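Now for the letters of each chain:
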Protein chains: 2
Amino acid sequence: MRFRSVFRASQLRGGAPFVSCEPAASSSRLHSRPKRSSFGIAFDVDGVVLRGRAPVGGSSRALRRLYGDYGGGIPESARALELSQHLGVNILPAQVLQGHSPFRNLLNRYENELIVATGKGNPALVMSEYGFKKVLSMDEYASCFDNIDPVSQYKAWTSDDVLGPNGCLKDLGPECDVFSERVQAAFVVSDPVDWGRDIQVLCDILRSGGLPGQSGGHQPPLYFAADDLEYQAAFPLERLGMGAFRIALESVFNRIHHHPLEYVSFGKPNPFVFDNAEMTLRQLSLSHCDVCGTDDGHPPSHSFSTLYMVGDNPSVDIKGARQAGHPWFSILTRTGLFKGEDNDTSFPADLVVDTVEEAVDYILSSECS
Amino acid sequence: MRFRSVFRASQLRGGAPFVSCEPAASSSRLHSRPKRSSFGIAFDVDGVVLRGRAPVGGSSRALRRLYGDYGGGIPESARALELSQHLGVNILPAQVLQGHSPFRNLLNRYENELIVATGKGNPALVMSEYGFKKVLSMDEYASCFDNIDPVSQYKAWTSDDVLGPNGCLKDLGPECDVFSERVQAAFVVSDPVDWGRDIQVLCDILRSGGLPGQSGGHQPPLYFAADDLEYQAAFPLERLGMGAFRIALESVFNRIHHHPLEYVSFGKPNPFVFDNAEMTLRQLSLSHCDVCGTDDGHPPSHSFSTLYMVGDNPSVDIKGARQAGHPWFSILTRTGLFKGEDNDTSFPADLVVDTVEEAVDYILSSECS
């Protein structure tokens with residue numbers, strides 16, 4: 001018996017991962033099943049597996065049922081470690097697809113260009129680790145311009161002072177001068193923390209062709225890691241997501257600039273996300289087979305009969321899976337954004353369950369019966 | 001010779017005042033003029049008199065020309081004191097009309113009701129001083145609800161802990177329970193500092209009928225002290241104002257709620273602002289006459305032949321003065337938002353000058369020739 005799962009943290013939550021695991025072949029529980037099938041599972045995290053930092057919907061039990069007592073690898077990313085700790089299941093960094101992972105595909109275009117990254121956490125570090133050489137966080141960039149944020153004196157942000165006396169990043173050397181060099185692209189890596197400052201400075205950058213105060217020049221490209229309007233976090237009510245920030249930015253920008261905002265969002269329900277998930281599952285399947293081989297001596301299958309998307313947000317998780325089509329099968333839980341009794345009317349899922357544990361029960365019984 | 005002036009801090013800048021002064025009757029310079037006229041002047045502050053905290057466009061000289069060496073009263077409000085210090089001219093609190101001054105007219109309706117106030121500075125104190133008994137700042141209100149702001153851990157706000165252990169304001173006593181009492185109205189008193197948090201919590205309040213998580217109930221009224229899209233502050237480029245925040249809030253709210261956002265803005269170009277300015281000038285004229293009488297023994301005139309609006313923003317200052325009609329006369333300066341060589345095309349002013357000093361020159365020569 002073989003199965004693969006993608007453990008998917010919401011693409012819509014900045015910094016939240018998209019994780020795939022390949023542990024079940026070593027699970028005695030699953031080894032006892034007679035049927036061999038080829039399927040994968042993609043889990044949305046916020047509202048399905050976690051609410052805030054707490055497991056929800058029996059997710060720890062459900063994942064242990066999938067992974068058994070498998071314990072391979074050493075976590076390499078903070079998110080993989082965090083998930084492992086919260087859920088009591090080992091999640092490998094290679095099993096995590098970040099919402100901003102697609103940004104690395106833009107490396108050829110911006111590797112040595114000045115770019116700005118915003119969002120909670122350390123967005124510049126994320127981009128640096130993808131290989132971008134001249135990335136400034138919005139905190140860093142904005143701090144170069146006196147008075148760019150007219151209410152900054154009312155804030156007490158904790159941001160590191162990484163700027164030299166000439167307003168240049170120490171690490172970047174003198175070749176980076178934010179007062180003469182145009183920003184070539186802006187990236188919203190995770191949920192923005194300071195909406196007002198970010199909307200203001202993004203407008204400054206984007207409407208000036210990359211250099212606040214300059215005229216002319218086309219709007220630099222703007223990339224979002226996600227586009228969720230709302231999501232389920234620790235608070236009982238859904239919280240505004242990166243898509244809400246995008247709407248706020250867009251509505252303001254379009255009032256002060258003569259060209260509408262142009263942007264690219266890599267979040268669900270973008271089909272790219274689902275293609276990427278399938279590709280990741282396939283790669284994990286291959287790498288697992290390299291290590292352990294198959295237990296029947298046959299070469300592993302790299303196409304899936306079914307890929308399950310387990311999510312809580314009809315308009316992104318379910319809509320995306322429906323758009324992606326075969327082999328995706330959508331399962332909607334009630335532990336997060338969706339709270340309806342019946343199916344969602346706009347984007348009905350193939351199956352509606354209360355919890356992720358019920359979803360796993362269904363998948364195991366369907367695939368292993 | 002008699003003249004009256006309204007020294008007007010932008011209605012569009014939260015916390016910025018609307019000041020009227022009645023000093024000139026004692027100015028020997030003006031006493032020497034032969035013609036007696038009845039006029040008033042309303043100055044927008046940001047971009048006309050100040051940029052950031054610095055005088056601009058010869059405003060100190062211009063105002064000294066108007067006020068001569070008059071030095072009456074002791075400043076009672078922080079803003080009057082601040083303006084006096086910046087400009088070297090005594091500005092009395094009674095000469096200041098705050099952008100949020102109209103809120104005091106709502107006292108009968110909300111005096112003992114739970115209301116929430118947001119904006120830079122101390123919006124709850126502003127409302128308390130108007131007489132509202134149960135006002136919470138957004139900082140205070142939001143801090144009652146754990147996790148209401150999902151990115152709060154990335155912020156380090158400097159706000160006092162004024163909440164008791166039961167989540168109630170100590171000052172308000174146990175009768176104020178934010179978990180059971182509906183917010184009856186929300187006030188944007190000045191420029192919001194934390195757009196993301198404010199948009200989130202305002203959405204929570206407004207779409208729930210005043211109590212986050214509850215359903216039903218009509219949207220509580222929402223009041224803005226101003227509606228300027230952009231304004232000129234210390235930064236060379238115009239900055240986003242309260243109107244931009246309103247657009248961001250409205251665009252997000254209208255995406256997550258089935259009824260469009262309802263709100264009232266008291267900012268320019270609302271005709272109310274100009275009526276209020278005229279009324280304030282008239283009251284100051286009367287109070288001045290009570291003290292000093294008229295120097296020809298005749299009762300003072302309480303209608304103005306001309307009211308000058310000196311502003312930098314065509315779409316609020318000039319548009320508003322044009323809409324208000326007689327006796328308003330609009331003068332557009334180039335020290336702030338407007339930077340055109342000719343007149344504004346959408347909202348042309350009656351006169352365009354470079355600086356406020358030129359505007360005062362024009363007014364004095366017109367009225368005193």
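This is a predicted model, so every value here is computed, not measured. (Residues numbered from 1 in each chain as written. Chains lettered and ligands numbered in written order. Predicted model: local features only at pLDDT ≥ 70, side-chain atom pairs only at ≥ 80, totals over all residues. Heavy atoms only, no water.)

### Details of the interface of chain A and chain B
Test applied: In what follows, residue pairs with any heavy atoms lying within 4.5 Å of each other are defined as contacts. We define buried area as the total accessible area lost by two parts upon association, computed with a 1.4 Å probe and summed across both. Within this document, salt bridges are pairs made up of a side-chain nitrogen of Lys or Arg and a carboxyl oxygen of Asp or Glu, the two lying within 4 Å of each other. Contacts described as polar in this section are N or O atom pairs within 3.5 Å, which, within protein, must combine one atom able to donate a hydrogen with one able to accept it, while residues neighboring in sequence count only if both atoms come from side chains. Segments assigned H or I by DSSP are reported as helices when at least four residues long, segments assigned E as strands when at least two residues long, and all are numbered from the N terminus. Residue classes follow a fixed rule: Ala, Val, Leu, Ile, Met, Phe, Trp, Tyr, Cys and Pro count as nonpolar, while Asp, Glu, Lys and Arg count as charged, and any other residue, Gly among them, counts as polar.
Counting from both sides, the interface comprises 42 residues of chain A and, opposite them, 42 residues of chain B. In this assembly, chain A packs against chain B so that about 3700 Å² is buried in total across both faces, 66% of it on carbon and sulfur atoms. Joining chain A to chain B, the criterion identifies four salt bridges. Linking D204(B) and R239(A) is a salt bridge whose minimum nitrogen-to-oxygen distance equals 2.8 Å. The tally of links from chain A across to chain B stands at nine residue pairs in polar contact (both at pLDDT 80 or more). Looking at the side of chain A that touches chain B, the elements that each hand over two or more residues are helix 7 (195–207), strand 10 (230–231), strand 11 (239–240) and helix 8 (242–256) of chain A. It is helix 8 of chain A that provides the largest number of residues to the side of chain A that touches chain B, a total of seven residues. A per-class count over the side of chain A that touches chain B returns 23 nonpolar, seven polar and 12 charged.

### What about the relation of the copies chain A and chain B?
How we decide: When the copies are superposed, the least-squares fit takes in the C-alpha atoms of residues with a pLDDT of at least 70 in both.
Once chain A has been moved 0.0 Å along the axis and rotated by 180°, it coincides with chain B to within an RMSD of 0.1 Å. Put plainly, the chains are arranged around a two-fold axis. Every residue of chain A has its C-alpha some distance from the rotation axis, and the shortest such distance is that of A248(A), at 2.1 Å. Of all interface residues in chain A, 98% are interface residues in chain B too; the two copies therefore contact each other through one and the same surface.

### Topic: the pattern of salt bridges
Pairing of side chains with opposite charge becomes possible as their charged atoms draw close. Stated formally: Each residue is assigned to one of three classes by its accessible area relative to the maximum for its type, calculated with a 1.4 Å probe on protein chains only: buried under 20%, partly exposed between the two thresholds, exposed over 50%.
Tallied over the entire structure, the rule returns 34 salt bridges over all chains. Where R246(A) meets E250(A), a salt bridge forms, and the shortest distance between an N and an O atom there is 2.7 Å. Residue R246(A) and its partner E250(A) are both found in helix 8; the two are separated by four residues, about one turn of the helix. A single burial state applies to R246(A) and to E250(A), both of which are buried. Measuring nitrogen to oxygen at the nearest pair gives 3.0 Å for the salt bridge that ties K268(B) to D44(B). Pair noted here: K268(B) is in the loop between strand 12 (264–265) and helix 9 (271–292) and D44(B) is in the loop between strand 3 (39–43) and strand 4 (50–51), with a separation of 224 residues, a long-range link. Judged by its relative accessible area of 0%, K268(B) falls in the buried class. Look at the salt bridges and you will find they share partners, linking D44(A), K268(A) and D317(A) into a network.

### What about the nonpolar core?
Defined as follows: By convention a nonpolar core is built from buried Ala, Val, Leu, Ile, Met, Phe, Trp, Tyr and Cys residues, the set being connected through side-chain atoms within 4.5 Å.
In this structure, M127(A), F187(A), M127(B) and F187(B) are the most contacted members of the largest nonpolar core, which totals 107 residues. Aside from chain neighbours lying at most four places away, what touches F187(A) is F103(A), L106(A), Y110(A), I115(A), V116(A), A117(A), T118(A), M127(A) and Y223(A). Within the second largest apolar cluster, 27 residues are counted, among which are V310(B), F329(B), I331(B) and V353(B).

### Structural notes on the pairing of strand 8 (residues 185–188) of chain B
All names here are of chain B. Stated precisely, the cut-off is as follows: Strand pairing requires that DSSP identify at least two bridges connecting the strands. For the handedness criterion, the strands are oriented away from the viewer, and a crossover whose path from the first strand over the helix to the second runs clockwise is classed as right-handed.
Side chains A185 and F187 project from strand 8 onto one buried face, and the interleaved A186 and V188 project onto a second face that is buried too. Where strand 8 meets strand 9 (residues 222–224), three bridges bridge the pair, whose relative direction is parallel. Bridge pairing in strand 9 links A186 to L222. Between the parallel elements strand 8 and strand 9, the chain passes through helix 7 (residues 195–207) in a crossover that is right-handed.

### Some thoughts on the sheet that holds strand 7 (residues 134–137) of chain A
Residue and element names in this part refer to chain A. One open sheet accounts for five strands, arranged 7-6-8-9-12; its pairing is parallel. Each having just a single partner strand, strand 7 and strand 12 (264–265) make up the two edges of the open sheet. Where strand 9 (residues 222–224) meets strand 12, two bridges bridge the pair, whose relative direction is parallel. Across the sheet, the residue bridging to Y223 is V264, located in strand 12.

### Describing the packing of aromatic side chains
Threshold: Here the aromatic set is Phe, Tyr and Trp, taking the six-membered ring for Trp, and pairing holds for ring centres within 6.5 Å; pairs whose planes are under 30 degrees apart are stacked, those over 60 apart are edge-to-face, and all others are tilted.
Within the structure shown, the criterion is met by 32 aromatic pairs over all chains. Between F224(A) and Y263(A) the ring centres are 5.7 Å apart and the planes differ by 90°, which places this aromatic pair in the edge-to-face class. Highlighted residues: F224(A) in strand 9 and Y263(A) in the loop between helix 8 and strand 12, separated in sequence by 39 residues. Overall, the relative accessible area of 0% leaves F224(A) in the buried class. Exposure remark for Y263(A): the relative accessible area of 29% places this residue in the partly exposed category. Ring geometry for F145(B) versus F179(B): centroids 5.1 Å apart, planes at 80°, classification edge-to-face. In this pair, F145(B) sits in the loop between helix 6 (138–143) and strand 8 while F179(B) sits in the loop between helix 6 and strand 8, placing the two residues 34 residues apart along the sequence. Three or more aromatic residues joined by ring pairs form one cluster here, namely F103(A), Y110(A), F132(A), F187(A), Y223(A), F266(A) and F272(A).

### Comments concerning the packing of helix 7 of chain B against helix 8 (residues 242–256) of chain B
Helix packing geometry: the angle between the two helix axes and the distance between the axes. Residue and element names in this part refer to chain B. Definition in use: To define axes, lines are fitted to C-alpha atoms, for helices over the stretch in contact only, and angles between the resulting N-to-C directions are given on a 0 to 180 degree scale. When describing relative orientation, an angle under 35 degrees is termed roughly parallel and one over 145 degrees roughly antiparallel, while 65 to 115 degrees is termed roughly perpendicular and anything else oblique. A clockwise turn of the near helix away from the far one marks a right-handed crossing, whereas an anticlockwise turn of less than a right angle marks a left-handed crossing.
Where helix 7 contacts helix 8, the two axes come as close as 10 Å, and the packing angle between them is 50°. The angle between helix 7 and helix 8 falls in the class oblique. Note that helix 7 runs across helix 8; the crossing there is right-handed. When helix 7 is examined against helix 8, the residues W195, D198, I199, L202, C203, L206 and R207 are found in contact with a partner set consisting of A244, F245, A248, L249, V252, F253 and I256.

### Points about the sheet that holds strand 7 (residues 134–137) of chain B
Residue and element names in this part refer to chain B. Pairing is parallel in the open sheet, where five strands are placed in the order 7-6-8-9-12. Taken across any chain shown, the strands that pair with only one partner, and hence form the sheet edges, are strand 7 and strand 12. Both strand 6 (residues 114–118) and strand 7 contribute to a ladder of four bridges, which runs parallel. By the bridge assignment, L114 is partnered in strand 7 with K134.

### Focus on the environment of Q283(B)
Residue and element names in this part refer to chain B. In this fold, Q283 is placed in helix 9. Taking the relative accessible area as the measure of exposure, Q283 reaches 47% and is therefore partly exposed. Distance in space between the C-alpha atoms of Q283 and E238 is 34 Å, their sequence separation being 45 residues.

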